[in-house]
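Examination of the molecular architecture
Listed below are the residues making up each chain.
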Number of protein chains: 4
Amino acid sequence: MERRMDMRRRATDFDVEEQFNDNLLSASHADLALEARDLASKETGGHGIEGLLSHVEEDGEIKITRIRVENAEAGRQIGKLPGNYITIEVPGLRHKDSQLQDRVAGKFAEVFEDFLADAGIAKDAKVLVIGLGNWNVTPDALGPIVVENVMVTRHYFELMPDHVSPGYRQVSAVAPGVLGTTGIESSEIVQGIVEKSKPDLVIAIDALASRSLDRVNSTIQIADTGIHPGSGIGNKRKGLTKEILGVPVIAIGVPTVVYASTIVNNAIDLMHHHFSRQTSNTKEIMGLLDNLQEQERLELVKEVLNPVGHDLLVTPKEIDQFIEDIANIIASGLNSALHEAVEPDNAGAYTH
Amino acid sequence: MERRMDMRRRATDFDVEEQFNDNLLSASHADLALEARDLASKETGGHGIEGLLSHVEEDGEIKITRIRVENAEAGRQIGKLPGNYITIEVPGLRHKDSQLQDRVAGKFAEVFEDFLADAGIAKDAKVLVIGLGNWNVTPDALGPIVVENVMVTRHYFELMPDHVSPGYRQVSAVAPGVLGTTGIESSEIVQGIVEKSKPDLVIAIDALASRSLDRVNSTIQIADTGIHPGSGIGNKRKGLTKEILGVPVIAIGVPTVVYASTIVNNAIDLMHHHFSRQTSNTKEIMGLLDNLQEQERLELVKEVLNPVGHDLLVTPKEIDQFIEDIANIIASGLNSALHEAVEPDNAGAYTH
Amino acid sequence: MERRMDMRRRATDFDVEEQFNDNLLSASHADLALEARDLASKETGGHGIEGLLSHVEEDGEIKITRIRVENAEAGRQIGKLPGNYITIEVPGLRHKDSQLQDRVAGKFAEVFEDFLADAGIAKDAKVLVIGLGNWNVTPDALGPIVVENVMVTRHYFELMPDHVSPGYRQVSAVAPGVLGTTGIESSEIVQGIVEKSKPDLVIAIDALASRSLDRVNSTIQIADTGIHPGSGIGNKRKGLTKEILGVPVIAIGVPTVVYASTIVNNAIDLMHHHFSRQTSNTKEIMGLLDNLQEQERLELVKEVLNPVGHDLLVTPKEIDQFIEDIANIIASGLNSALHEAVEPDNAGAYTH
Amino acid sequence: MERRMDMRRRATDFDVEEQFNDNLLSASHADLALEARDLASKETGGHGIEGLLSHVEEDGEIKITRIRVENAEAGRQIGKLPGNYITIEVPGLRHKDSQLQDRVAGKFAEVFEDFLADAGIAKDAKVLVIGLGNWNVTPDALGPIVVENVMVTRHYFELMPDHVSPGYRQVSAVAPGVLGTTGIESSEIVQGIVEKSKPDLVIAIDALASRSLDRVNSTIQIADTGIHPGSGIGNKRKGLTKEILGVPVIAIGVPTVVYASTIVNNAIDLMHHHFSRQTSNTKEIMGLLDNLQEQERLELVKEVLNPVGHDLLVTPKEIDQFIEDIANIIASGLNSALHEAVEPDNAGAYTH
């Protein structure tokens, strides 16, 4: 006899994740285009992928990688849609250095402003910022915290247009909640809001899962391809894309969690490199593990971990502070990038 | 020269309130129908108002007043739309008695279930619960806290209808934020969500302003007239009504704040009663104040207080605990009233 | 038969307040020396009080009043202990102007540093900051929030003294909770901590009750007389003074609540002034109320309000934001005043 | 030239951990006696350890293991002090089943009451509950959350002893903060409070690190050996023991975090078991890894992970909800175990 839902539980998104979400996040899934590319190129033995352009630039502690997926075939190979992806990596963000945080906010603002220009977004385009994720789950609260710190101005334009100073554009911001706590797909909620408030552009902020503990809370990805089903931490069965919303969607994501299985897999990888620097006979040390393709090995790790329910999404214990810091960087950066009148060096004053 | 907006401030709803809201809440405004009626009947010298029916019932510490505004003229006289209003008053809620809280949740469930039936709402009508108000302003957070504790089920019906036990109906729940933090009228956001998720009924929860400190945090009002511009604490220029949303709207409100000016006015009133029990010569003691109509006196008090910006909305210092308690009562009561399978006596288990 | 304690209630400080605290806060009580002086001088018909020195200085929007109670007799007359009291009043703090907040933090730091010097506190005196009050009651959470934002350094001196940069002194900080949530007098907890950690000076932060809505959240008082039983919002039956702790105690207080009865009384006062500017015949308008001494009138107001339990401590509805802002001002100011290496103009960077 | 402390950072416990704590938590460290025993017996090839008694009992989904370390030599072998350790394991706690939570609270109360009796603690012994850990770091906030939900009564006994109902004992509760936010060892703060408030028993609640993701948030350990330096998540250089405080100390711990390195090590272990069920030739598959002692392999994993700073403490993404749930279980259980008048089946009513 089939099991009936136990409504006694408090309604959270976890119930739903457990029940519907199991196969959404496959082992080969990578939220970051950077990781998807590395994964793919490892499997092709390092051969370049046609139609996949990368460019890396470093500015002190800040590393910026631009990836362009030029066509569907390149997209298929790395599991990402055609489009532009920028990754900003700053390992130093793990060390709570407030001056570095200010620099990263400034850099993010600069990069984001250029990204808007390249995407052909007008300087006075009306923007709706959407903070995806669940307030009550710290590593999933990135979007809602950014929304809380973004400077909203749309109501001034609507209600007292003559009083708005030059240098500002119309910005609104909503955190639509998650399916498990609202009972409604966040995609549907956003569609409804877009139809009523008629922005020219949606910027969607989301927490991501990374394949590497290194990148958690120290990496920001910008993409012009929107939010796709199955991406991010939560449980999105419908996406936020230009096709669905009718306006361009730029996604900003930060990896805040990592799968236990990828930690293990990465460790085995590191061991391989470690031993191969010391001996040519890594096979003796690592056994057959050494010969497996990354993908096969990951499946093996999951097969081993899953029977006892091990494959949890985990997050560093200091997540509360990290999420505040990176949300403030993004909010400051957005305030400065979206409003000419807000200077990069005092954008922080607009967040709390 | 006109003053330009100071964007440097953190974007909150207060800016907007200050700038647009000044004359929304007039001295004669009463969010509670009960208070509106008392105010009106005092001015008519206690004469009954045609088309205004009242009925009071007491169940131990719980007092329930049912007011029916039968026509537009009666509505005009008390400043309320025609419709049905129920007020549940429980002064004992101020004393953190958890057994009383359970009893009130049970009573509220019972009253609310009957109210739905009287309003012709079907047992399987799909419900969208809207929690109005601002998360970050404790006395305005009633709606969002109720939403967080309401049991949502709509996604189960949408995604795995065969697995839903009998005795549940479709419930979804959203806290749309406030104009000052989203830049969008909450009314517009709700309209968008209603169009996409297609509920049969909207239940809107809102914090109210009372004319009496007594009623703050100890009173629940249910009304079938929806939410109207200028009601509640916040700044609603557009309402949530059947006309706007296309489905019936039932409003649940709790007074959580009171105007400083009404505290003063009430005190002068009390003094009048106090002295009139001791002497027939209250005029000598109270001066001309004694002769003023309530409305004139309130205007006088406001005139006196306003020049120095005194007319604040104030709330008892224990508001944090009070708002949690009453939000839990409402959420428990709704869970039990909306789902047959949830028993009134364990409805508390479904909130956290 | 006597009533037994109802343990069923959640343990909070309110139970205790209700039961023990009733007569601690008399109508004539004023937490602010400024208000105590005004109250006393009003009763003496404006005659100066011997041994009571006042000095006022204004710096833009910031008004600083220094009151010195020179002897016990002057103290008795205003109900304050002999000592030095500084009040910083900034009505503009109500308007969320972040630049003004920075200026006030700088001014507070300057005033506080001088105050320490005048009190003979050495530049390297070890400081213990005590944040009195209850985390869970927003208007009483001032002390704990300041403690959370104060820069603590004592552990660096203890554990790695050779690595501490010049320009810092030893600072520790504790929020000891309140009697209702710990079961222990906060005074006893602080005594225990002082004996173990051996600071040279205790700085105690506390939320106060004001006699005027005007001063709530816009006034900071500094006093070298410590914390006395019955002062502040909470329920302190034992104080924090040099006699009890063995080291000097400087108190920093901010009024965050006001009694409903004092709002009424102030309004009557304002009406008196209002009418007396328009007519000499205020007596006709105000009745006998006009002739009563402030103290008698306040008693009358309380007599009238109390039977129905009206005399609540109330706080503005925006208390959440206000308390954050003023706690940040105090924490920034302390960081700058206590550590030479922290500049007034970037002290804010040390709070979050 | 040596690096000076960067005071610019926000003062948190992490700075301090990084700087002082590095070698406190060695690879062989196990906070849970259960894990320490398993680790030791694995190294002895499964031979029993003299002076180490274990007893396991299962009650439905609840597994209770009692370990008695009879002498110093047995303690040395498993790295635990002589004493009694009880571990309550309930894997089902991961699934938010509120009825199971109630059962576990009842069972915990029962076990804890017997533990007190076995330890010779009198029924009217005065208890001080200490919640160790940092409010602002979710997985470290277990102790403070328990303290917030424990029913405190000491002040009633002190202030109105004639009014206390029978069936209650004196309980007080304090969360002393962590070194990084107070600047004072929590051990010193507790010593000071014990000397002033004179309890007969201290119960210390702390978050632990586990060697296994399985046990995180689903395991409760009770021990009569107090809190020792280097145990738990935080950075305790001084313990809370009978020697230091002068009264018995019972520790209650819940693993809320796990080292990334132990996840990897456990996975390798699981692979070994996995393959050995399928083939006798695990060596070919696993290479030399197969032959390494657990301890050597863990060192190897750490050596591999550390160069890039991988060995983080991680926690499941749902930590916010888990920590609330288990803190409520412990608080309910304590309320029922400490006060005869509180029934196990309604103990939940005393927490919020």
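Position numbers for residues count from 1 along each chain, tracking the sequence in the order it is written. Chains carry letters and ligands carry numbers; both start at the beginning, A for chains and 1 for ligands, and go up in the order they are written. Given that this is a predicted model, residues contribute local features only at a pLDDT of at least 70 and side-chain atom pairs are listed and counted only at 80 or more, while totals for whole chains, interfaces and linings are drawn from all residues. Side-chain numbers come from the whole structure's heavy atoms, not from hydrogens or water.

Glancing now at the overall build of chain A. What counts as a helix is a DSSP run of H or I of at least four residues, what counts as a strand is a run of E of at least two, and both are numbered from the N terminus. Along the backbone of chain A there are 13 helices and nine strands. Classification of the 352 residues of chain A by burial places 65% in the buried group. The contacts in chain A between residues at least 6 apart in sequence include a share of 73% that link residues at least 24 apart. Taken as a whole, chain A presents about 12,800 Å² of accessible surface, with 47% of it coming from carbon and sulfur. For each residue, the accessible area found with a 1.4 Å probe, counting protein chains only, is set against the maximum for its type, and the residue is called buried under 20%, exposed over 50%, and partly exposed in between. Between two residues, a contact is recorded if the distance between any of their heavy atoms is within 4.5 Å. Only the protein chains shown count as cover for residues, and all accessible areas are computed by the Shrake-Rupley method using a 1.4 Å probe.

A word on the packing of helix α10 (residues 260–278) of chain A against helix α10 (residues 260–278) of chain D. Here the axes come from fitting lines to C-alpha atoms, over the contacting stretch only for helices, and the angles between their N-to-C directions go from 0 to 180 degrees. The interhelical angle for the contact between α10(A) and α10(D), taken along N-to-C directions, is 85°, at an axis separation of 9 Å. Regarding the angle of α10(A) to α10(D), the classification is roughly perpendicular. Residues Ala260(A), Ile263(A), Val264(A), Ala267(A), Ile268(A) and Met271(A) of α10(A) touch α10(D), and the partners they reach there are Ala260(D), Ile263(D), Val264(D), Ala267(D), Ile268(D) and Met271(D). Any angle between 65 and 115 degrees counts as roughly perpendicular, while under 35 counts as roughly parallel, over 145 as roughly antiparallel, and the rest as oblique.

Residues and elements named next belong to chain A. The term salt bridge refers to a side-chain nitrogen of Lys or Arg lying within 4 Å of a carboxyl oxygen of Asp or Glu. Scanning the model with the defined rule gives 50 salt bridges over all chains in all. Among the salt bridges present, the one from Arg66 reaches Glu57, with a minimum N-O distance of 3.5 Å. Its relative accessible area of 26% is what places Glu57 among the partly exposed residues.

Another aspect to go through is the pairing of strand β9 (residues 313–316) of chain D. Across the two faces of β9(D) the burial is the same, with Leu313(D) and Thr315(D) and Val314(D) and Pro316(D) all buried. The criterion for strand pairing is that DSSP finds at least two bridges linking the strands in question. With three bridges joining them, strand β9 (residues 313–316) of chain A and β9(D) adopt antiparallel strand pairing. Across the sheet, the residue bridging to Thr315(A) is Thr315(D), located in β9(D). As defined by bridge partners, strand β8 (residues 249–259) of chain D adjoins β9(D) across two bridges and the pair is classed as antiparallel. By the bridge assignment, Val258(D) is partnered in β9(D) with Val314(D).

With 20 residues, helix α13 (residues 319–338) of chain C ought to run about 28 Å at 1.5 Å a step, and its terminal C-alpha atoms sit 28 Å apart, in line with that. In terms of burial, α13(C) is largely enclosed, as 19 of its 20 residues are buried. Expected helix span is computed as 1.5 Å times (number of residues minus one).

Let us look at helix α4 (residues 98–118) of chain C. Taking 1.5 Å per residue as the helical rise, α4(C) with its 21 residues ought to reach 30 Å, and the 30 Å between its terminal C-alpha atoms agrees with that figure. N or O atoms within 3.5 Å of each other form a polar contact, as long as, within protein, one can give a hydrogen and the other can take it, and as long as residues adjacent in sequence are counted only when both atoms are side-chain atoms. Where α4(C) begins, one side-chain oxygen reaches toward the backbone nitrogen of Gln99(C), 3.0 Å away; that side chain belongs to Asp97(C).

Here we take up unusual backbone geometry. Residues and elements named next belong to chain B. Residue Lys198 is not a glycine yet carries a positive backbone phi of 50°. Relative to the helices and strands, Lys198 is located in the loop between α8 (186–197) and β6 (201–210). What makes Lys198 exposed here is its relative accessible area of 58%.

Okay, the side chain of Arg94(B) next. Structurally, Arg94(B) can be placed in the loop between β3 (83–89) and α4 (98–118). Residues counted as positive are Lys and Arg, residues counted as negative are Asp and Glu, and His and the chain ends are not counted. Nearest to the buried, unbridged Arg94(B) among oppositely charged side chains is Asp214(B), at 5.4 Å. When near neighbours in sequence (up to four residues on either side) are disregarded, Arg94(B) contacts Leu213(B), Asp214(B), Val216(B), Ser218(B), Phe322(B) and Leu312(C).

What follows covers the packing of helix α5 (residues 142–149) of chain B against helix α13 (residues 319–338) of chain B. Residue and element names in this part refer to chain B. Packing of α5 against α13 brings their axes to within 8 Å, and their N-to-C directions diverge by 45°. By the angle class used here, α5 and α13 are oblique. In the packing of α5 onto α13, the handedness of the crossing is right-handed. Along its contact with α5, which presents Leu142, Ile145, Val146 and Asn149, the element α13 presents Ile323, Glu324, Ile326, Ala327, Asn328, Ile330, Ala331, Leu334 and Asn335. Grouping the amino acids of the contact of α5 with α13 by side-chain chemistry returns nine nonpolar, three polar and one charged. By definition, turning the near helix anticlockwise from the far helix through less than a right angle yields a left-handed crossing, and turning it clockwise yields a right-handed one. Side-chain classes follow a simple rule in which Ala, Val, Leu, Ile, Met, Phe, Trp, Tyr, Cys and Pro form the nonpolar group, Asp, Glu, Lys and Arg form the charged group, and the remainder, Gly included, forms the polar group.

To continue, consider the environment of Glu50(C). Assignment of secondary structure puts Glu50(C) in the loop between α2 (33–43) and β1 (52–59). If sequence neighbours within four positions are ignored, Glu50(C) has contacts with Asn71(C) and Ala74(C).

Take the confidence of the model for chain A next. All names here are of chain A. This prediction gives chain A a mean pLDDT of 83; 81% of its residues lie at or above 70. Of the regions scoring below 50 in pLDDT, residues 1–27 engages in 79 contacts with residues more than four places distant in sequence or in other chains. Scoring the predicted complex yields pTM 0.88 and, for the interface, ipTM 0.87. Known as pLDDT, the predictor's per-residue confidence is scaled from 0 to 100.

One can find Gly192(B) in helix α8. Here Gly192(B) is in contact with Gly192(A) and Lys196(A), once residues within four sequence places are set aside.

Residue and element names in this part refer to chain C. Within the fold, Ile250 resides in strand β8 (residues 249–259). Sequence separation between Ile250 and Ala223 is 27 residues; the distance between their C-alpha atoms is 5.7 Å. Residue contacts for Ile250: discarding those within four places in its chain leaves Phe112, Phe115, Leu116, Leu201, Val202, Ile203, Ala204, Ile222, Ala223 and Asp224.

Moving on, we come to the pairing of strand β5 (residues 171–174) of chain B. Residue and element names in this part refer to chain B. Burial along β5 is two-sided: Val171 and Ala173 facing one way and Ser172 and Val174 facing the other are all buried. Of the pairings in the sheet, the one linking strand β4 (residues 127–131) to β5 comprises four bridges and is parallel in character. Along β5, the bridge assignment pairs Val127 with Val171.

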